[in-house]
Amino acid sequence: MDRIASITRTTKETKIQLTLNLDGTGKADIQTGIGFFDHMLHSFARHGFFDLTLQVEGDLYVDCHHTIEDVGIVLGEAIKGALGEKKSIKRYGSFFLPMDEALVMCAIDLSGRPYLDFELPFTVERVGDFDTEMAKEFFYAISYSAGMNLHMRKMRGDNNHHLLEASFKAFAKALDEASTIDPRIQDVLSTKGTL
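As the structure is a computational prediction, the values presented were derived from the model and not from experiment.

Conventions used here
Residues numbered from 1 in each chain as written. Predicted model: local features only at pLDDT ≥ 70, side-chain atom pairs only at ≥ 80, totals over all residues. Heavy atoms only, no water. Pairing = 2+ DSSP bridges. Helix = DSSP H or I, 4+ residues; strand = E, 2+ residues; numbered from the N terminus. Axes fitted to C-alpha atoms, helices over the stretch in contact; angles between N-to-C directions. Contact = heavy atoms within 4.5 Å. Polar contact = N/O pair within 3.5 Å; in protein donor to acceptor, adjacent residues only side chain to side chain. Buried < 20%, exposed > 50% of the residue type's maximum accessible area, 1.4 Å probe, protein only.

**Q** Is there a simple way to explain the sheet that holds strand β4 (residues 51-58) in this structure?
**A** The strands making up a sheet associate through hydrogen bonds between their backbones, and the pairing can be parallel or antiparallel. Spatially, β1-β2-β4-β3 is the arrangement adopted by the four strands of the open sheet, whose pairing is mixed. Both edges of this open sheet fall to β1 (4-10) and β3 (28-31), since each of them pairs with a single strand only. Mean inter-strand twist for the sheet, computed between neighbouring axes without regard to direction, equals 5°. Pairing between strand β2 (residues 14-21) and β4: eight bridges, direction antiparallel. Each bridged residue has a counterpart across the sheet, and for leucine 18 the counterpart in β4 is leucine 54. Together, β3 and β4 form the strand contacts of helix α1 (residues 35-48), whose direction differs from that of β3 by roughly 160°.

Here is the structure:
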């Protein structure tokens with residue numbers, strides 16, 4: 001069974017085309033118009049072994065907010081779509097990602113119930129063309145459109161580039177674990193019988 005989803009979303013603020021393969025090899029073709037964001041999404045794809053194709057036309061003449069938030073919405077929809085009925089997935093995933101002095105924890109439950117707990121304080125307003133406050137908005141959008149419980153926390157670190165990159169990579173590793181098929185799970189990993 002292919003775990004692939006393609007999503008197209010068009011609003012007055014953004015036009016997005018995204019294809020995600022949860023069982024890929026880490027190949028990525030990404031154009032958002034925000035260089036640092038592209039770098040983060042490439043890291044997400046590579047370290048999660050997801051194939052990701054993403055083309056975005058956004059209103060960057062305003063700022064980066066709509067583009068980053070809307071990509072989060074669409075990526076969350078693609079994760080949800082690619083997971084399908086969630087049969088045999090591990091459901092839970094967590095990872096501590098070290099990057100030089102930075103250490104970020106990410107934990108995921110693909111429960112179908114959205115929730116975000118995000119504790120990554122930043123000390124600068126921007127890294128490249130990426131507004132650091134948009135990291136929380138991005139992961140919030142993913143958690144709600146995918147229906148996942150998502151916790152992200154800074155354990156150590158003070159370099160904002162490292163903290164951001166560690167958060168995207170930790171998310172990738174935790175999602176890879178949570179979405180992994182486990183042959184011991186015959187249906188879904190829930191006493192309720194549904195996720």
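**Q** Any chance you could explain the side chain of histidine 66 here in plain terms?
**A** You can see histidine 66 is positioned in helix α2 (residues 65-83). At a separation of 2.7 Å, a polar atom in the side chain of histidine 66 contacts the side chain of aspartate 59. In this view, histidine 66 contacts Glu13, Thr14 and Asp59; residues no more than four positions away in its chain are not counted.

**Q** Looking at this structure, I do not really get unusual backbone geometry. What am I missing?
**A** Outside of glycine, negative phi angles account for most residues, and trans bonds account for most peptide bonds. Residues other than glycine seldom take positive phi values, yet lysine 86 does so here, at roughly 65°. Within the secondary structure, lysine 86 is located in the loop between α2 and β5 (92-99). Positive phi outside glycine occurs at arginine 91, with the angle close to 80°. Tracing the chain through its elements places arginine 91 in the loop between α2 and β5. What makes arginine 91 buried here is its relative accessible area of 7%.

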